[in-house]
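Residues per chain are reported as follows:
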Amino acid sequence: MERMLCAVVACLMALGLSINGASADPVAAADVKIIDGEVKTSLTGQPGSAVKGAEWFKNRKLGNCLACHANPKMTDEQFHGEVGPSLEGVADRWNEAQMRAIVVNAKEIFGEQSMMPAFYRTTGYTRPLKKFAGKSILSAQQVEDIIAYLQTLK
Amino acid sequence: MATGLFSSTAAKLVAAAGLAALAASATAVLAGPNDNKLVVDGKEYVTKLPGPEGGPLKTIYSGWNFRNEATQAMQLDDFDNPGFVNVETGEQLWSAVDGEAGKSCASCHNDASESMKGVRAQMPKWNEKAGKPLALEQVVNACRETNMKAKPWKWESNEMLSMTAFIGSHSRGMPVNVKTDGPMKEWWQKGKDIYYKQVGQLDMSCAGCHEQNFGNMIRADHLSQGHINGFPLYRSKWQKLGSAHRRFKGCMKNIRATPYKVGGDEFVALELYVASRGQGLSVETPAVRN
Ligand code: HEC
Ligand code: HEC
Ligand code: HEC
């Protein structure tokens, strides 16, 4: 009996650890809560890589942020879009938690009509192509990498 | 097929030719449509006109005004227009006997330059027998099946594209003039609903790109108002002619949405609605785009 209790406690502790710990599973898209325009904690519990973030930012199949946003720091890329505002100095306008919320689900920040897609959302789509149904555009770690990169834009 | 966000064109073009990329970046500087005039054989086409009071577009612009000058130039002279190969094929098909009735289009419609004049400008058009509006492709196939006892052509086949390009060429320079009242009203509304509905993993509507953002660059693509006055048109990316429905399908796939069926009621309704947004633009069939 005592042993079993112990096991349960250990198990609970392990659970607790896995929520906050470094080896945690990422927070599922459906569980991310945007509160007052912010997502305060990392989606993966791990810091993002700004170097990788820059890659996702320009990659046409991932962030493709450049499709809509100019980024004067990305001079190696030829085409910068004009649909959204330039992201020059964006880290001076928004803090990390706000930027995470914008990338996770811009519709919650700017309104349903915003042209900016939600990058970490898996539900609520109409007629998604089958191979993308139930999936988010970016993974949690890719979001974190992009957040890390955005913070270098000041 | 890999589906990039919004477009796979850009990536391919850039990869294909550094020169092309350079040319495109030069035009990227000009936001908005350009003011060039489309004059073919001494005839000036309407590519720009004031939109109707209360309508979604203050000024209506043809897609031609958003293309760079190299692409524009290909439409200025029919000899440079790759779509004219199809117009010639269409002309041959017009008088080619086919089907069990032993007839050609010409058997009943005689000289297309008279009988088909202005037809394309009014499509899609209400068809009493079908009890719904039909796109030009459907009318052609209806004639083939009932009047010629011939097999219908596939929507995107070379024969169909050639025939619709040929018929369309007899409306060149005439204003788009689709009916939207009477029994068309319901279909127009259906098309409008589709136009404004946000769809796909990217959660966008036609209007998001072609109404709110025309004139803006979306990465390497210069967004137009998405009119269909030039269809079927030659697109360098396709290396051939394509129908309006093919374009709708491509735009939907780029936003990772499941397209409606080519030739289905939804796309015909959408075609009607999109045509109505460009009411008054000159028919440019076969136009040239990149
Ligand atoms: C399809 C176009 C589109 C894409 C793609 C897009 N955005 Fe946006 N973004 C917008 C628009 C438009 C706004 C302005 C807010 C609005 O009107 O919705 C915006 C606003 C923002 C803002 C706030 C900017 C400011 O200065 O206030 C940030 C940050 C941002 N986007 C980051 C990103 C990142 C990072 C990506 C890629 C992961 C991205 N966006 C992809 C359209 C886009
Ligand atoms: C046996 C006679 C016959 C043949 C053959 C025939 N059609 Fe028709 N077509 C008609 C009739 C009848 C109509 C309906 C009356 C009308 O609108 O002129 C029609 C209507 C049309 C229309 C719609 C015209 C409009 O003003 O809306 C088009 C386009 C058309 N035909 C194309 C073709 C093509 C292309 C072929 C050959 C592939 C063809 N037809 C073969 C008899 C024929
Ligand atoms: C993500 C932005 C985007 C969305 C959403 C979008 N398109 Fe497009 N569309 C484009 C681009 C880019 C082009 C090529 C450049 C141009 O003509 O705008 C294009 C071209 C077109 C053209 C060809 C215009 C011409 O003159 O050659 C038509 C027609 C069109 N789109 C219709 C639609 C319809 C209908 C929808 C909704 C089902 C739609 N588009 C949704 C981006 C978009």
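In this text, all values refer to a predicted model and were calculated from it rather than measured experimentally.

## A look at the overall build of chain B
Argument step 1. Helix and strand content of chain B: 12 helices and 11 strands.
Argument step 2. Considering chain B as a whole, with its 290 residues, one finds that 44% of them fall into the buried category.
Argument step 3. If you take every contact in chain B between residues at least 6 apart in sequence, the share linking residues at least 24 apart comes to 71%.

## Looking at the nonpolar core
Argument step 1. Val-103, Val-104, Phe-119, Tyr-120, Val-143 and Ile-146 of chain A together with Leu-272 of chain B are the most contacted members of the largest nonpolar core, which totals 92 residues.
Argument step 2. It is helix α12 (residues 265-277) of chain B that contributes the most residues to this core, eight residues altogether.
Argument step 3. Here this core spans two domains, since at least three of its residues come from each of domain 1 (9-77 + 175-289) and domain 2 (84-169) of chain B.
Argument step 4. Sequence-distant contacts of Tyr-120 of chain A, that is, excluding residues within four places in its chain, are made with Ala-29, Val-32, Leu-43, Val-104, Asn-105, Ser-136, Leu-138, Ala-140 and Val-143 of chain A.

## Considerations on the sheet that holds strand β11 (residues 288-289) of chain B
Argument step 1. Spatial strand order, β10-β9-β11 (chain B): three strands in an open sheet with mixed pairing. Edge positions in the sheet fall to β10 (240-242) and β11 of chain B, since each has one partner strand and no second.

## A short note on the confidence of the model for chain A
Argument step 1. Taken over all residues, the pLDDT of chain A has a mean of 88, while the share at 70 or more is 84%.
Argument step 2. Confidence drops under a pLDDT of 50 for residues 1-22 of chain A, and excluding neighbours within four residues, the segment shows seven contacts in the predicted structure.

## Thoughts on the site of ligand 1
Residue and element names in this part refer to chain A.
Argument step 1. Lining the immediate environment of ligand 1, one finds 24 residues, of which Gly-63, Cys-65, Cys-68, Gly-84 and Ser-114 sit closest.
Argument step 2. Ranked by residues supplied to the shell around ligand 1, first place goes to helix α4 (residues 96-104) with three residues.
Argument step 3. Split into classes, the residues belonging to the shell around ligand 1 amount to 18 nonpolar, five polar and one charged.

## Regarding helix α8 (residues 158-169) of chain B
All names here are of chain B.
Argument step 1. With 12 residues, α8 extends 16 Å from end C-alpha to end C-alpha; this agrees with the ideal 16 Å at 1.5 Å per step.
Argument step 2. Summarising burial for α8: 10 of the 12 residues are buried, a large majority.
Argument step 3. Considered for burial, the residues of α8 that qualify are Met-160, Leu-161, Ser-162, Met-163, Thr-164, Ala-165, Phe-166, Ile-167, Gly-168 and Ser-169.
Argument step 4. Lining the buried residues of α8 we find α4 (84-94), α6 (112-115), α7 (136-147) and β10.

## Here we look at the site of ligand 2
Residues and elements named next belong to chain B.
Argument step 1. Close contacts around ligand 2 come from 15 residues, with Lys-103, Cys-105, Cys-108, Cys-143 and Asn-147 the closest.
Argument step 2. Here the shell around ligand 2 takes five residues from α7, the largest share from any one element.
Argument step 3. Here the residues of the shell around ligand 2 are counted per class, giving nine nonpolar, three polar and three charged.

## Brief notes about the environment of His-210 of chain B
All names here are of chain B.
Argument step 1. Its place among the elements puts His-210 in helix α10 (residues 206-210).
Argument step 2. Residue His-210 is classed as buried on the basis of its C-beta count, with 21 C-beta atoms lying within 10 Å.
Argument step 3. For His-210 and Ser-224, which are 14 residues apart along the polypeptide, the C-alpha to C-alpha distance reads 5.9 Å.
Argument step 4. The contacts of His-210, once residues within four sequence positions are left out, are Leu-223, Ser-224, Gln-225 and Gly-226.

## Examining the domain arrangement of chain B
By a widely used convention, the size of an interface equals the accessible area lost when the partners come together.
Residues and elements named next belong to chain B.
Argument step 1. Its domain assignment divides chain B into domain 1 (9-77 + 175-289) and domain 2 (84-169).
Argument step 2. Taking only C-alpha atoms into account, the centre of domain 1 sits 24 Å from that of domain 2.
Argument step 3. On the side of domain 2, 19 residues touch domain 1, which itself brings 21 residues to the contact.
Argument step 4. Put simply, the parts of the chain that give the side of domain 1 that touches domain 2 at least two residues each are α9 (184-196), α11 (244-254) and α12.

## So, α12 of chain B
Residue and element names in this part refer to chain B.
Argument step 1. Its 13 residues give α12 an end-to-end C-alpha distance of 19 Å, which sits within 8% of 18 Å, the value for a rise of 1.5 Å per residue.
Argument step 2. The buried fraction of α12 amounts to 10 of the 13 residues, a majority that puts the element mostly inside the structure.
Argument step 3. Of all the residues in α12, the buried ones are Phe-267, Val-268, Ala-269, Leu-270, Glu-271, Leu-272, Tyr-273, Val-274, Ala-275 and Arg-277.
Argument step 4. Against the buried residues of α12 lie β6 (132-134), α9 and α11.

Rules used in this analysis
- Residues numbered from 1 in each chain as written.
- Chains lettered and ligands numbered in written order.
- Predicted model: local features only at pLDDT ≥ 70, side-chain atom pairs only at ≥ 80, totals over all residues.
- Helix = DSSP H or I, 4+ residues; strand = E, 2+ residues; numbered from the N terminus.
- Buried ≥ 20, exposed ≤ 12 C-beta atoms within 10 Å, placed from the backbone.
- Contact = placed C-beta atoms within 7 Å.
- Core = buried A, V, L, I, M, F, W, Y, C linked by C-beta atoms within 7 Å.
- Domains from an automatic or database assignment.
- Pairing = 2+ DSSP bridges.
- pLDDT = per-residue confidence, 0-100.
- Near = placed C-beta within 6 Å.
- Nonpolar A, V, L, I, M, F, W, Y, C, P; charged D, E, K, R; others polar.
- Expected span 1.5 Å × (residues − 1).

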